[in-house]
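Chain and residue survey
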Amino acid sequence: MPSRLLTLCFALISFTSIAAPHTLTIIPELSNGFVRNYNPFRPDQLATTQDFVFESLMVFEDEQVHYRLAESYTLSPDLKGITLTLRKGIQWSDGTPFSSDDVVFSLSLLKNEPELDYNSLGEWIERVEKRGKNEVYVSLTRPNAQIAQRLQEAIIVPVHQWQDIKDKRYHLNANPVGTGPFTDIRAFSSNNIVQCRNPHYWQQDALKIDCIRYPMVRTNDELVSRLSNGEFDWASAFIPDIERNYASYSPDYHYHHKPSTIVSLLFNFNHPDLETRKIIQDVRFRRAVSMSLARDLIIDIAVFGQGEKAAFASGLESRFDNWIENSAAEQHLYFIRFHPNTAARLLDELGLKDNDGDGFRELPSGAPFSLSLIAPSGWTDFTSAANIAAEMLMAIGIDIHTLELPFSQYTSQMAEARYGMSITNYFSGVTPFRYLNAAFNSRYQSPHDPRFAQHYFHDEEINELLDAFLLETTQEGQREVINRLHLRIAAQQVTVPLYYKLETVEFTTTRFKGWRRHADGTPNVPPIWYTERPRLIQLLALEPVEEK
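Source: prediction; values computed, not measured.

**Comments concerning the packing of helix α14 (residues 433-440) against helix α16 (residues 475-492)**
- At their nearest, the axes of α14 and α16 sit 11 Å apart, and the two run at 40° to each other. Seen along the crossing, α14 lies across α16 with a hand that is left-handed. From α14, F433, L436 and F440 reach across to α16, where they touch I482, L485 and I489.
- Partitioning the contact of α14 with α16 into residue classes produces 6 nonpolar, no polar and no charged.

Spelled out as structure tokens, the structure:
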């Protein structure tokens with residue numbers, strides 16, 4: 001037998017022996033190769049670290065709370081504290097009992113070592129107190145009625161392992177100790193990971209899956225090909241003409257769509273050229289850009305029709321339409337629709353005119369006017385949307401140069417305000433607050449913050465309204481604040497909302513059943529992406545299909 005074939009046979013035998021019979025194959029993130037990094041305090045942690053090795057205190061999903069390490073919480077009457085009652089009987093994967101000491105230690109780390117706090121939770125923590133073996137009180141720096149939702153992102157680690165680790169930010173944690181269901185790293189290579197059952201998992205009876213497998217997939221095209229061949233049980237891939245190119249292959253192949261958060265264009269309000277900066281800071285220019293874009297065409301080309309055009313000038317998610325009064329929703333809708341003649345008139349008013357007949361407008365001083373539009377390489381819908389938007393803007397005389405950059409360069413140019421325009425998406429939340437806060441709170445405009453607010457637009461009234469939302473304990477009060485925020489942001493056209501990409505979830509019933517559904521029978525399976533906390537709730541509902 002040839003040596004290469006022999007090696008392959010041994011590899012297959014090895015995988016069969018290490019992967020238990022009921023192994024769920026998932027793709028929680030695209031990757032160019034794995035590093036054994038299970039440090040939950042690092043942004044580059046493996047996508048199977050949170051939820052599967054380290055469980056959350058609780059998981060919020062729509063109107064429901066799934067309690068995990070915590071079994072309940074109580075807000076202080078003044079909203080400046082929260083008491084967490086922890087679940088009894090939980091053990092770490094090495095058999096050590098889980099207790100309030102672990103929670104006090106973990107939350108205190110976020111306050112005391114800011115370099116570990118990539119979710120910006122530490123800014124809310126004044127002090128953390130142990131109140132018995134199973135109770136923790138967190139005193140807040142300022143009132144926040146929504147702090148429990150923020151705490152679902154808190155990482156809880158075992159104090160007995162982490163207290164003696166120096167330089168925690170650089171620790172790889174190759175052999176993790178966690179409370180999650182899959183802490184046994186049964187196999188690890190640069191292109192394949194198998195994580196198996198935690199022998200001390202607190203929901204041992206509910207867990208019907210023995211292992212999860214996470215193979216390396218570099219691109220969306222590769223993901224689609226391997227998904228269509230039946231290799232993966234659960235993924236979230238963009239598949240053009242998904243009925244023909246996926247669902248038709250087998251009655252066991254299922255999918256569903258839901259609109260995700262908005263994809264928007266951002267302006268650099270701190271543009272290095274002063275005259276260009278002055279133009280960007282004029283709302284007429286931002287509205288002109290918005291009204292020069294045919295969003296239906298962008299959707300048809302960039303995402304093959306699998307999207308919905310922006311419904312709110314603030315970029316609010318379409319699923320929150322019941323939060324916004326009709327009058328508020330319609331007030332600025334004109335400015336996010338295709339009106340190229342109005343756009344051209346606004347540019348004329350700004351003194352942006354084509355003086356030399358080359359087809360492009362010059363600045364009022366006569367100097368050339370040109371903007372970059374940056375997009376992350378490999379994000380095909382982003383780069384396509386950026387290129388189409390650039391063509392549309394050039395049609396009304398704005399000279400746009402699209403740049404496709406590696407993600408690290410894309411984010412660094414935004415962090416350092418070295419760009420003209422950019423394209424980005426946002427994370428979703430249980431309420432509209434997560435998007436609005438991340439996208440428009442000027443507190444998140446340092447070089448170390450995520451890209452979402454690095455347009456450097458500052459409005460203190462928006463900041464105050466965001467703070468006010470956190471004081472509201474009634475839905476009526478929250479909706480009133482959100483309406484005011486929407487109107488304030490829409491009136492200034494801070495960003496240019498483009499489209500809601502339809503988030504696609506693919507799952508197969510070939511090997512597992514228990515995929516969640518709504519009351520009307522439609523699928524309710526969350527994405528498997530590493531940002532989605534409800535993915536653990538879905539996983540615990542799965543069980544193997546009996547062999548035929």
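Next, the rest of the story.
**Quick word on the environment of K258**
- Position of K258 relative to the elements: it lies in strand β12 (residues 253-267).
- Through-space distance from the C-alpha of K258 to that of R319 is 9.2 Å; in sequence the pair is 61 residues apart.
- Every residue in contact with K258, bar those within four places of it in the chain, is listed here: K501, L502, E503 and P527.

**What to know about the nonpolar core**
- Core analysis: the largest hydrophobic core is formed by 128 residues, its most contacted members being L84, L107 and F285.
- Broken down by element, this core gets its largest block of residues, 8 residues, from helix α12 (residues 380-395).
- Those residues in contact with F285 that sit more than four places away from it in its chain are F267, I279, I280, L347, L350, L352, F369, L371 and I398.
- Counting residues in each nonpolar core, the second largest holds 19 residues, with I26, W234, F512 and L542 among its members.

**Regarding the sheet that holds strand β4 (residues 70-75)**
- With respect to topology, 4 strands assemble into an open sheet ordered β4-β5-β7-β6, the strand pairing being antiparallel. Only two strands of the sheet have a single neighbouring strand rather than two, namely β4 and β6 (125-130). Strand-to-strand twist in this sheet, taken as the mean axis angle between neighbours without regard to direction, amounts to 20°.
- Packing against the sheet, helix α2 (residues 100-112) makes contact with β5 (81-86), β6 and β7 (135-140), and its axis sits at approximately 165° to β6.

**What about the pattern of salt bridges?**
- Summed over all chains, the structure comprises 30 salt bridges.
- With its nearest N and O atoms 3.1 Å apart, the salt bridge here joins R142 to E123. Of the two residues, R142 sits in the loop between β7 and α3 (147-151) while E123 sits in the loop between α2 and β6, which places them 19 residues apart along the sequence.
- With relative accessibility at 24%, the residue R142 sits in the partly exposed group.
- In the salt-bridge network here, residues are joined through shared partners; they are D51, E153, R533 and R535.

**A look at the packing of helix α15 (residues 460-469) against α16**
- The geometry of α15 relative to α16 is characterised by a closest axis approach of 9 Å and an angle of 160° between their N-to-C directions. It follows that α15 is roughly antiparallel to α16 by the angle criterion. Of the two elements, α15 crosses α16, and the hand of that crossing is left-handed. Of the residues in α16, those touching α15 at E461, I462, L465, L466 and F469 are Q478, V481, I482, R484, L485, R488, I489 and Q492.

**Concerning the sheet that holds strand β1 (residues 23-25)**
- With mixed pairing, 4 strands are arranged side by side in an open sheet as β1-β10-β9-β8. Every interior strand has two partners, whereas the edge strands, β1 and β8 (184-189), have only one. When the angles between neighbouring strand axes are averaged without regard to direction, this sheet yields 15°.

**A short note on helix α9 (residues 295-302)**
- Along α9, the positions that sit buried rather than exposed are R295, I298, I299 and A302. Viewed end-on, α9 has its buried residues packed into an arc of 100°, placing them on one side of the element.
- On the buried face of α9, the contacting elements are α8 (283-291), β13 (307-309), α12 and β17 (496-508).
- Positive phi appears at F304, one or two residues downstream of α9, with a value of about 55°.

**Concerning the environment of G178**
- Relative to the helices and strands, G178 is located in the loop between α4 (159-162) and β8.
- G178 sits in the buried class, given a relative accessible area of 0%.
- The spatial distance from the C-alpha of G178 to the C-alpha of V157 is 6.9 Å, given a sequence separation of 21 residues.
- When neighbours within four sequence positions are excluded, G178 is seen to be in contact with V53, F54, Q91, W92, S93, T183 and N198.

**Considering unusual backbone geometry**
- Phi angles above zero are rare outside glycine, and L79 is one such case at about 65°.
- Topologically, L79 is positioned in the loop between β4 and β5.
- Judged by relative accessible area, which is 11%, L79 ranks as buried.

**What about the packing of aromatic side chains?**
- Tallied over the full model, the rule gives 25 aromatic pairs.
- Where W92 meets F98, the ring centres are 5.8 Å apart and the plane angle is 65°; that geometry is what we call edge-to-face.
- Under the relative-accessibility criterion, F98 is labelled buried at 3%.
- Aromatic side chains Y426 and Y435 sit 5.0 Å apart centroid to centroid with 85° between the ring planes, which places their arrangement in the edge-to-face category.

Reading guide: rules and limits
- Throughout this description, residue numbers start from 1 for each chain and increase along the sequence as written.
- Only residues with pLDDT of at least 70 get local features here, since the model is predicted, and only at 80 or more are side-chain atom pairs given and counted; chain-wide, interface and lining totals rely on the full set of residues.
- Where side-chain values are given, they derive from all heavy atoms of the structure, hydrogens and water being excluded.
- Fitting a line to C-alpha atoms yields each axis, with helices limited to the stretch in contact; the angle taken between N-to-C directions then spans 0 to 180 degrees.
- Helix and strand labels come from DSSP, where a helix needs a run of H or I of at least four residues and a strand needs a run of E of at least two; each type is numbered from the N terminus.
- Should the near helix be turned counterclockwise from the far one by less than a right angle, the crossing is left-handed, whereas a clockwise turn marks it as right-handed.
- Any pair of residues with heavy atoms lying within 4.5 Å of one another is described as a contacting pair.
- In this classification, Asp, Glu, Lys and Arg are treated as charged, Ala, Val, Leu, Ile, Met, Phe, Trp, Tyr, Cys and Pro as nonpolar, and every other residue, Gly included, as polar.
- Residues grouped as a nonpolar core are buried Ala, Val, Leu, Ile, Met, Phe, Trp, Tyr and Cys residues, joined through side-chain atoms within 4.5 Å.
- Exposed residues in this analysis have more than 50% of their type's maximum accessible area, buried residues have under 20%, and partly exposed residues fall in between, with area computed by a 1.4 Å probe over protein chains only.
- When DSSP finds two or more bridges between a pair of strands, those strands are recorded as paired.
- Salt bridge, as applied in this entry: a Lys or Arg side-chain nitrogen positioned within 4 Å of an Asp or Glu carboxyl oxygen.
- Convention used here: angles under 35 degrees read as roughly parallel, angles over 145 as roughly antiparallel, angles from 65 to 115 as roughly perpendicular, and any remaining angle as oblique.
- The arc in question is the one traced by the directions running from the helix axis out to the C-beta atoms.
- A pair of Phe, Tyr and Trp rings is counted when the ring centres sit within 6.5 Å of each other, with Trp represented by its six-membered ring. The angle between the planes then sorts it: under 30 degrees is stacked, over 60 is edge-to-face, the rest tilted.

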